[in-house]
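Residue-level listing of the chains:
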Amino acid sequence: MHWSEELARQVIERRPDKEEYVCAAGISPSGSIHIGNFRDVATSYFVVRALRKLGKHARLLFSWDEYDRMRKVPANVAAVASGFEKYIGAPYISIPNPFDDGAPNYAAHFEREFEEAIKQFGIEMDYRYQASMYLGGKYTDRIIHALRHRLEIFDILDSFRTQESEEGERENYYPVSIFCPACGRDSTKITSLSEDCTKVTYTCECGHGGEFDFLHEHNCKLAWKVDWAMRWAYEGVDFEPGGKDHASPSGSYAVSSIISEKIFGYKPPVFAGYEFIGLKGLTGKMSGSSGLNLTPQILLNIYQPEVILWLYSKTKPQKAFNFCFDEGILRQYHEFDKMYDEVENGTADEYTQAIMYNTRIEGRKIYTVPMSLLVQLGSIVDFNVPLLETVFEKIGMPYKYEHFADRLGRARYWLEQCAPDQVYRLRKTRNWEVYETLSEAERREIELLHSYIKRGGYTLDELNTELYAIPKRVFGENLPQDELKKVQSAFFRNVYRLLLDRERGPRLYLFLYAIDPTKYLGLLDFSTPKTEAEKAAGLPDEPEEKKTEPEEAAGQQYGEPDPVAPIKGQIGIDDFNKLDLRVCKIIACDEVRKSHSCYKLTLDDGIGKRTIMSSIKSYYKPEELVGRKIIVVANLKPTRIVNITSEGMLLAATNSACGCRVVFVDDAVPSGTAVK
């Protein structure tokens, strides 16, 4: 049974007689919506599909939390507009649009961006815009209800806190914030509440103050955990996922569930906490507030929407997976194609069918043209469509443009933007450096190849036969088979080196047949002397100045190595086994305002996230750390460093000769692996 069907059955069991089930998702348009947030949508979408498969009516409700306050200015906004820090504390709906695209405000820009991408997945959603809901007075009765039960709400919140509440804190708690009509921010403080809980007095940090009437004024918002519970009851939500931080015993879901039942009288929805999404082949924090805005639209440049849905569908929400920008994407396409073809030809098992059921997009047909072949052949023919069709025909795979049109642009984008080192580019000049190392027999091979290509008039099969025949002609027809293979391999390698500066390349007969011979014939003709350009290209490089290490550039000075310390007293294996040394991946590196030497590192330890403080700020930049794997003492007693709890310590070597050097681990080692 697919995981989405298991969740759907839980939903039905909770409310068996409901006419229509509501599965919810929601995102704040704080910036470009990244693909990690898309898991919120995909998880609910699959549960909706499972409910429908079980014969139930269900819809996907999506809330734009556009009435949330701005917390910080995203990097892509700061890059195009200055001064947006003044809007911190204001709701996104009231902030001007920094981009010249016609959207009426900040929130609308990012909402449109995401909604346009969602259309390509064929996902239909019932959009709910929270600014309209609040400002339209839809929640007025519930806000007043929350105010009347504010002390009970405080007690629920307080029961999850680890610190004792301060004197007077309970009496002065209000579950709602008012956006100041003067400065537009939520920097207000309620000072009194009327007996019927419909009016308050307030003051703002900007100096403004006054009375607020909840029955007639609506520029206010409930606190997050109260707001979430209130909306469950208002919309009748039956299922909603959330990040794994919400799923912890003291997380938002646990708190909001109690508020939902005790304050709003609504049994909370079925919940699924989901893991973060990893990136392979890129470094940087995947976040809408950073410079790396990996939106669904950007990801669609290399992934078909069905393949994206497939990755989410085949992975349980509690498990992480990677979007690949390296060659891993070719393996993912291969696995997708294999499953798709199994379903199409009727050989797929029940679970595979359930996975692929979630990837179907109405109105689209998938052709499983191998992505790896499109990348290779596309590079050979410079993505010329008629030539590609010809090559496919010649190799016995008669695909036409209609078959590979949906993947061709994605193959080209991936190759040129993510793997430019794999693009096959012809040299500009003859490679005399290689040619002069060849034996007379090997030079004769190149001469024969040049003459054959120059004559032309051959078919693809004839060219392939000739490439294997040339070494026989030069070295003798009667060579033992193993010797013949060696000279043929050496011949192919020499051609690659002369044309591409590589030891290997695409299938040589396809490469030579697909490309216009006039583009490379001159690279095989060494009958004329070196040109001035070739002579210049062959000059030895000027000696490079010694590169300055980052530490030196930052002012670090190193000296003689420290004296080697004597070996410490012996310990037993039992003593060593007390240490929990494990591989962790750095998923975020943040500066700490009150510390000159420490970074706050957020790690994936294979089980969940943990935070450690490390005094390596003088030796590394954040971008040199994010995505790397390190060794951590995981069972070290937590300690407080500049008011942050550090849950472990990384391993590093420190010496006057080199400063501090973190011990990094090969990326192939999974997070959580024990170091023994």
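Refer to the structure presented above.
Overview of the structure. Given the structure is predicted, the values throughout are model-derived calculations rather than measurements.

Here is what the cut-offs are and how they apply
Residues numbered from 1 in each chain as written. Predicted model: local features only at pLDDT ≥ 70, side-chain atom pairs only at ≥ 80, totals over all residues. Heavy atoms only, no water. Patch = residues over 30% accessible without salt bridge, like charges linked within 9 Å, V, L, I, M, F, W, Y side chains within 5 Å. Areas by Shrake-Rupley, 256 points an atom, 1.4 Å probe, with all protein chains shown as cover. Salt bridge = Lys/Arg side-chain N within 4 Å of Asp/Glu carboxyl O. Helix = DSSP H or I, 4+ residues; strand = E, 2+ residues; numbered from the N terminus. Buried < 20%, exposed > 50% of the residue type's maximum accessible area, 1.4 Å probe, protein only. Pairing = 2+ DSSP bridges. Axes fitted to C-alpha atoms, helices over the stretch in contact; angles between N-to-C directions. Phe/Tyr/Trp six-rings, centres within 6.5 Å; stacked < 30°, edge-to-face > 60°. Lys NZ or Arg CZ within 6 Å of the ring centre and 35° of its normal. Core = buried A, V, L, I, M, F, W, Y, C linked by side-chain atoms within 4.5 Å. Contact = heavy atoms within 4.5 Å.

**Some remarks on a nonpolar patch on the surface**
On the surface, a cluster of nonpolar side chains totalling about 390 Å² of accessible area is made up of Ile 571, Ile 573, Phe 576 and Leu 579. By the secondary structure assignment, Ile 571 is in the loop between α23 (550-553) and α24 (573-577). Since its relative accessible area comes to 58%, Ile 571 is described here as exposed.

**Comments concerning the sheet that holds strand β5 (residues 188-193)**
Pairing between the strands of a sheet comes from backbone hydrogen bonds, and it takes one of two forms, parallel or antiparallel. Strand order in the open sheet formed by three strands is β5-β6-β7, and the pairing between neighbours is antiparallel. Unpaired on one side and paired on the other, β5 and β7 (209-213) mark the two borders of the sheet. Along the sheet, successive strands turn relative to each other by an average axial angle of 30°, direction set aside. By the bridge criterion, five bridges tie β5 to strand β6 (residues 199-204) in an arrangement that is antiparallel. Directly across from Thr 188, in β6, lies its bridge partner Cys 204.

**Structural notes on the packing of aromatic side chains**
One pass over the structure, following the stated rule, counts 42 aromatic pairs. For the pair Phe 392 and Tyr 399, a centre-to-centre distance of 5.3 Å together with 90° between the ring planes defines the contact as edge-to-face. Joined through ring pairs, the aromatic side chains of Phe 38, Phe 121, Tyr 303, Tyr 312, Phe 321, Phe 323 and Tyr 333 make up one cluster. The ring of Tyr 367 is capped by Lys 365, whose NZ or CZ atom sits 5.5 Å from the centre of that ring. The ring centre of Phe 664 lies 3.8 Å from the NZ or CZ of Arg 628, which sits over that ring.

**Thoughts on the nonpolar core**
Judged by nonpolar contacts, the single largest core of 113 residues is most densely connected at Phe 38, Phe 114, Ile 123, Tyr 303, Ile 308, Tyr 312 and Phe 323. Among the elements that make up this core, the one with the highest residue count is helix α2 (residues 38-53) (nine residues). When near neighbours in sequence (up to four residues on either side) are disregarded, Ile 308 contacts Ile 35, Phe 38, Phe 121, Leu 299, Leu 300, Tyr 303 and Phe 323. The next biggest cluster of nonpolar side chains, apart from the first, holds 41 residues, and it includes Ile 153, Tyr 202, Leu 222 and Ile 259.

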